[in-house]
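Residues per chain are reported as follows:
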Amino acid sequence: MNLFFIVFLVSSVNLSSVCLSHIFALSVILSQTVEHGFPHQPSALAFDPKLQLMAIGTKSGAIKVYGAPGVEFTGLHKDTTAVTQIHFLPGQGRLLSLLDDNTIYLWELVAGAPREVGGVKKDGVVCLQEVSSYSLPGRPGIESCSATRVTVLLLLRSCDLLCIGTEGGGVYFLELPRLTLKDSQTLLQDQITQSLPDDYRCGKSLGPVESLQEHPQQPGKILIGYSRGLVVLWDLSTRQVEQLFLGKQQLESLVWERSGNLFVSSHNDGGYSVWTVTNGNTCNQQPVSSTIPYGPFPCKAINKILWRTTQTGSPVLLYSGGMPRASYGDRHCLTIQQDKEHVTLDFTSRVIDFFTVHSIEQEKEFDEPSALVVLLEEELVVIDLQNPGWPSLPTPYLAPLHSSAITCSFHISSVPPKLWERLVNAGKAQQGRQHAHGSWPICGGKNLAPPPKQQELLLTGHEDGTVRFWDASGVALTPLYKLGTANVFHTDCDPCDDPQDPSNDPDMQQEEEWPPFRKVGCFDPYSDDPRLGIQKISLCKYSNKLVVAGTAGQVIVLGLSDERSDHMVDVSVVDLLQDREGFTWKGHDRLEPRLKPAPFPPGFQPLVLVQCLPPASVTAVALHAEWNLISFGTSHGFGLFDYHRRNAVLARCTLHPNDSLAMEGPLSRVKSLKKSLRQSFRRIRKSRVSGKKRTITTPTSKEANAALAEQEDVAPVQRRIEPRSADDSLSGVVRCLCFADTFLRDGTHHGPTLWAGTNSGSVYAYALEVPGVGSGRACERGGAGESSVCVEAVLGKEIQLMHRAPVVSICVLDGRGKPLPDPYEASQDLAIAPDMTNAHSVLIASEEQLKVFSLPKVSAKTKFKLTAHEGCRVRKVALVAFSSTAQEDYSEHTLVCLTNLGDMHLFNIPALRPQVRYDCIRKEDISGIASCVFTKNGQGFYLISPSEYERFSLSAKVITEPLCSVQLDRPLEPTPASDGTTTQPQANGTHKNQMGQAEGRSQHTHTHTHTHTHTLLPLTCYFSPCLFFLFITL
């Protein structure tokens, strides 16, 4: 009877574990969902005026199609070859791409098969798919293939014929959509030369075909512009030269006027010419007018020119380049002219291409351009051509994340509506000074995604000292608000310190009148002072308190205000060395704070500046707004500061006597070669000795914890991990900080604590005495009885991990094994209150292993040796709540680890049992791994280029992906449903297969298609009485 009862009990436990893990299995899946930001290294641009879609090609072979916010399609060529040209077949959902390898591809928007995403069956959405390709063959008898190298493409309005201009001067014709060559239509340069006057021919080649333009009123007639300057009006139906225009200046581009009575040519001398097209005159020697707008001195070429007619009578002329070589040859400019209005848009990066949004109906008499879209190397700029002054429009997507280099990021989920509204208003106040409020001109397609259930914020810290707030709730990553910290300090380029204002100098005004430059765009890669760079961010969404920490040891506490303010910022200095002898800081100086009141616009405004000494880069920061405390760490130690009472509570130095490298700073990396060699030889000798001896002597810990230091036999399947030397440089770097209300002194009284982990595997736990907290009585913060009482910190525990591996993360778990709620969540009933009746535990993740200790005794409960088992090191750790797709009210907290190999390991807590592993990021992508940030609901972001975030989801229920449709002039052909899953390529060509564990992997044939409904990888569960396995079936 007893035996039966015991067996039944064990079976019940196993069955319960299996059921819960099965629910977890249905809740977890890895899918890379969308790419946020600006495409890296763009190389081509196109616009479909019928569908209102825009396409951008990149040097890595990607094509990205954009419409209204949330409408996105991505395609990737087979080879990572640069896309040089893109052309839409208007209204058809088809586009042509020309690669740098001389291959032409045809792409189509096709309907995908219905799929189940997150437990919900969704209709087949549209995706971009490659249909066919064509490479122009070489001419017979000519060994070099450069003669047939494509220079320009022209798609006729009938969309059934593609004209191809080549370097050899020939024009070839492809039938669409089959991409078959029409040999009978081929036009070689020799046929044109026969029609030229003898004095113009003079034995010279006409050069490559530079431009092809179809007559706007007479289909089948095309302008052919050759590099030498000759322009030919060619009739396709009669195969005859209708008119010759004998230009003598090297040609760059051509454009028709809407009526077809004239056209404009731009040239390499910085000028443009207007030519009339008249019947009966087969040879035109001179243009009607010729102008060098920025002459008379030598100018750069006008690469492209557009001529748009308006009802006012004065056309709008737009052209790129043409700047005077000597004075402004290094400027990236685009000029807009209409009558007496003349603006030279001055950009900070190179102009790739541009187009106008205008009327295309044949019955309309005028173009009436409404917007100018300019693709630059580092950003997209849209100019409103309807409003006076031609202001720029704010971009709802494609914003340059890297306007200043990204240095860190921070994510906030479930943003309170009030905070969201205040941030939006602060952002609108900023935009009102810079942008117009017109409608976004690229508005094609329909966004089918439901409105987000919650608002999400992504905060990015930048090299120039700014923090940018992004709306990360949907597919389009939209800028909300920009916070600057430079005005807290005196910098090298402080405008207030500038003795000479150029606007007050009449001579300077006279010089700057021409060209009439206007700075446009927000990409600014240059930082006034590298010390301003933001390294760490922490935001409390309930108290609206923000902490930003920088490169020169500055930690700024900010509060949200809806009004402009002029005030001084309180400054407090914290010396982390504590007068320790033998250490001299050799790095950069601290930033000099302003000693006078400074203006601060609505938004986050600084309350107090905490300056760490030495002014080393801040490596960790923690904020507990309910206790009014911040903690910060550098390579020298960590500190605790009460920003309500403006006093430093704690300063702890973590330097080892041999940490000389920590005193050099990140901006002066001077390392002794002799010391490096000495340390290398020491490691070699230690590894040889440890290979002979099985026992390893570990340093004694100040905290009596025998379980941490005991030597264990290494299992045959584990890798031997060598202890790290205490002499290693930078061992005192503080890697993580954590506040927690838990049991540290004894098992009956809980209270505020501070935990800190270092690069040498040391963990410090401090018990905090916060007035009104932990004593069982609720006190109002800032009351009269508390104003004179200070926060105190007492060292409670000091732990030394055995192998001295850097501590990556520390998290306290409650009596149910759940992470503690954020500040204010429990007190304001915004989350389930933590279990304070059962014993707590602390999860410490080092680079080599995960370990759970019981509190307050700090005895080891369970661990997982990740480096010993998998041969990788932990880089990022997060506790994520996964909601079940099978059971609405069920969720599990899971530990997610990102390793240096780019894979993700999921463990349940607190047992640390491995659940599943995914390959996510290429192991060579070090910056991508370092930039990864997780959300609390199972999503994440990492940089795939300096300007792009890849968004991924580990949750099958919470997925942010493009779901959109487009109304086409042709029927959408559905793609066959696949029984497997395809690898989702990244637009930078660095995609990595998302597969499961090593067992059961299979090779996939790549289809080079990026769809927008991501098939869930099916999970098959195998059960064992003692262990639970999850495998991916492909």
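Residues numbered from 1 in each chain as written. Predicted model: local features only at pLDDT ≥ 70, side-chain atom pairs only at ≥ 80, totals over all residues. Heavy atoms only, no water.

Q: So, the overall build of the protein: which residues are in play, and what are the values?
A: Within the protein, the secondary structure is distributed over 10 helices and 70 strands. Counting only residues that meet the buried cut, the protein has 55% of its 1034 residues in that class. Residue pairs at least 24 apart in sequence account for 61% of intrachain contacts in the protein once pairs closer than 6 positions are excluded. For the protein, the accessible surface area stands at approximately 44,600 Å², while carbon and sulfur atoms represent 51% of it. (Helix = DSSP H or I, 4+ residues; strand = E, 2+ residues; numbered from the N terminus. Buried < 20%, exposed > 50% of the residue type's maximum accessible area, 1.4 Å probe, protein only. Contact = heavy atoms within 4.5 Å. Areas by Shrake-Rupley, 256 points an atom, 1.4 Å probe, with all protein chains shown as cover.)

Q: Break down the nonpolar core for me, with residues and values.
A: The biggest cluster of nonpolar side chains holds 33 residues, and the ones touching the most others in it are Ile336, Leu345, Phe347, Leu372 and Ile383. Those residues in contact with Ile383, other than ones at most four positions away along the chain, are Ile336, Leu345, Ser370, Ala371, Leu372, Trp390, Pro391, Ser392 and Val520. Grouped together as the second largest cluster of nonpolar side chains are 32 residues, Leu457, Val467, Val488 and Ala552 included. (Core = buried A, V, L, I, M, F, W, Y, C linked by side-chain atoms within 4.5 Å.)

Q: Quick one: what's the story with the UniProt feature "repeat: WD" (unreviewed entry) in the protein, residue by residue and with numbers?
A: The UniProt record marks residues 76-117 and 457-471 with the feature "repeat: WD" (unreviewed entry), using the residue numbering of this structure. Secondary structure over residues 457-471 splits into 0% helix and 80% strand, and the C-alpha atoms at its two ends are 5 Å apart. (UniProt positions renumbered as here; feature names shortened; annotations may be inferred.)

Q: Explain the environment of Asn447 residue by residue, including any values.
A: Structurally, Asn447 can be placed in strand β34 (residues 446-447). Separated by 518 residues in the primary sequence, Asn447 and Ser965 place their C-alpha atoms 6.8 Å from one another. A polar side-chain atom of Asn447 sits 3.1 Å from the main-chain amide nitrogen of Ala449. (Polar contact = N/O pair within 3.5 Å; in protein donor to acceptor, adjacent residues only side chain to side chain.)

Q: Report on the pattern of salt bridges, specifying residues and quantitative values.
A: Within this structure, the stated rule accounts for 31 salt bridges. Of the charged contacts in the structure, one is a salt bridge between Glu108 and Arg94, with a shortest N-O distance of 2.7 Å. Of this pair, Glu108 sits in strand β8 (residues 103-111) while Arg94 is found in strand β7 (residues 94-99), placing the two residues 14 residues apart along the sequence. We note that Glu108, like Arg94, is buried. What emerges from the salt-bridge pattern is a single network uniting Glu35, Lys64 and Glu948. (Salt bridge = Lys/Arg side-chain N within 4 Å of Asp/Glu carboxyl O.)

Q: Explain the side chain of Ser273 residue by residue, including any values.
A: Note on placement: Ser273 falls in strand β22 (residues 272-276). Ser273 has contacts with Phe263, Val264, Ser265, His267, Pro287, Ser289 and Ser290, leaving out every residue within four places of it along the chain.

Q: Which residues make up helix α5 (residues 417-431), and what are the values?
A: An ideal rise of 1.5 Å per residue puts 21 Å on 15 residues; α5 measures up with 21 Å between its terminal C-alpha atoms. Residues of α5 that are buried include every one of Leu419, Trp420, Arg422, Leu423, Ala426, Gly427 and Gln430, and no others. The buried residues of α5 all sit within an arc of 165° when viewed along its axis, so they share a single face. In α5, those exposed residues whose orientation departs by more than 90 degrees from the buried face are Pro417, Lys418 and Lys428. (Expected span 1.5 Å × (residues − 1). Arc of directions from axis to C-beta.)

Q: Residue-level account of the sheet that holds strand β21 (residues 262-267), with values.
A: Across the sheet, four strands lie side by side as β20-β21-β22-β24; this open sheet has antiparallel pairing. The strands lining the two open edges of the sheet, one partner per strand, are β20 (251-256) and β24 (289-291). Adjacent strand axes in the sheet meet at a mean angle of 20° when their direction is disregarded. Direction of pairing for β21 relative to β22: antiparallel, over a ladder of five bridges. Directly across from Ser265, in β22, lies its bridge partner Ser273. (Pairing = 2+ DSSP bridges. Axes fitted to C-alpha atoms, helices over the stretch in contact; angles between N-to-C directions.)

Q: Tell me what's going on with the pairing of strand β13 (residues 161-166), and back it up with residues and numbers.
A: Burial analysis of β13 places six of its six residues in the buried class, the great majority of the element. Across the two faces of β13 the burial is the same, with Leu161, Cys163 and Gly165 and Leu162, Ile164 and Thr166 all buried. Summarising the sheet, strand β12 (residues 150-155) and β13 pair through five bridges and their orientation is antiparallel. If you follow Leu154 over to β13, its bridge partner there is Cys163. Two successive antiparallel strands, β12 and β13, enclose a turn made up of five residues, where Cys159 displays a positive phi of approximately 60°. Alignment of β13 against strand β14 (residues 171-175), held across five bridges, turns out to be antiparallel. Its bridge partner being in β14, Cys163 is matched across the sheet by Phe173. In this antiparallel pair of consecutive strands, β13 and β14, the connection spans four residues, and Gly169 shows a positive phi of 90°.

Q: Can you break down the sheet that holds strand β19 (residues 240-246) residue by residue, with the values?
A: The sheet built from five strands is open, its strands ordered β16-β17-β18-β19-β23 with mixed pairing. Each edge of the open sheet is held by one strand with a lone partner, namely β16 (209-214) and β23 (283-284). Relative to β23, β19 is paired through two bridges, and the arrangement is parallel. Paired with Leu244 across the strands is Cys283, a residue of β23.

Q: Hey, could you go over the pairing of strand β66 (residues 948-955) for me, with residue numbers and the actual values?
A: The buried fraction of β66 is high, at eight of eight residues. Sheet topology note: the strand β65 (residues 939-945)/β66 ladder contains six bridges and is antiparallel. Its bridge partner being in β66, Phe941 is matched across the sheet by Arg951. Taking the residues between adjacent antiparallel strands as the criterion, β65 and β66 are bridged by two residues.

Q: Tell me about the side chain of His77, and name the residues and values.
A: Among the structural elements, His77 can be located in the loop between β5 (72-76) and β6 (83-89). Its relative accessible area of 2% is what places His77 among the buried residues. A distance of 2.7 Å separates a polar atom in the side chain of His77 from the backbone oxygen of Gly61. In this structure the side chain of His77 is engaged in a polar contact, spanning 3.3 Å, whose partner is the side chain of Trp107.

Q: Which residues make up the environment of Leu30, and what values do they have?
A: Here Leu30 shows up in strand β1 (residues 28-37). Relative accessible area serves as the criterion here: at 3%, Leu30 is assigned to the buried category. Separated by 922 residues in the primary sequence, Leu30 and Phe952 have C-alpha atoms spaced 7.0 Å apart.

Q: Please give an account of the packing of aromatic side chains that cites residues and values.
A: For the structure on display, the rule yields 19 aromatic pairs. Pairing Phe47 with Phe355 gives two aromatic rings, centres 4.6 Å apart and planes at 10°, and the pair type is stacked. One end of the pair, Phe47, is in strand β2 (residues 42-48); the other, Phe355, is in strand β29 (residues 351-357), and 308 residues separate them in sequence. Phe355 carries the same exposure label as Phe47, and that label is buried. Pairing Phe934 with Phe952 gives two aromatic rings, centres 6.1 Å apart and planes at 85°, and the pair type is edge-to-face. Linking Phe934 in strand β64 (residues 933-934) with Phe952 in strand β66, this pair joins segments that are 18 residues apart in sequence. Under the relative-accessibility criterion, Phe934 is labelled buried at 12%. Overall, the relative accessible area of 0% leaves Phe952 in the buried class. Among the aromatic residues, those joined into a ring-pair cluster are Phe245, Trp256, Phe263 and Trp275. Taking the ring centre of Tyr200 as reference, the NZ or CZ of Arg228 above it sits at 4.4 Å. (Phe/Tyr/Trp six-rings, centres within 6.5 Å; stacked < 30°, edge-to-face > 60°. Lys NZ or Arg CZ within 6 Å of the ring centre and 35° of its normal.)

Q: Can you break down the confidence of the model for the protein residue by residue, with the values?
A: Considering every residue of the protein, the mean pLDDT works out to 83; 78% of them sit at 70 or more. This model gives residues 1-20 a pLDDT under 50, and the stretch forms five contacts once residues within four places in sequence are excluded. This model gives residues 495-510 a pLDDT under 50, and the stretch forms six contacts once residues within four places in sequence are excluded. (pLDDT = per-residue confidence, 0-100.)

Q: I'd love a proper account of unusual backbone geometry, names of residues and values included.
A: Here the bond from Leu176 into Pro177 is cis, since omega is 0°, no more than 30 degrees from zero. With respect to the element layout, Pro177 can be found in the loop between β14 and β15 (180-181). Backbone torsion omega between Gly295 and Pro296 reads 5°, so that peptide bond is classified as cis. Secondary-structure assignment places Pro296 in the loop between β24 and β25 (302-308). Phi at Asp829 is positive, roughly 55°, even though this residue is not glycine. Position of Asp829 relative to the elements: it lies in the loop between β56 (807-813) and β57 (841-846).

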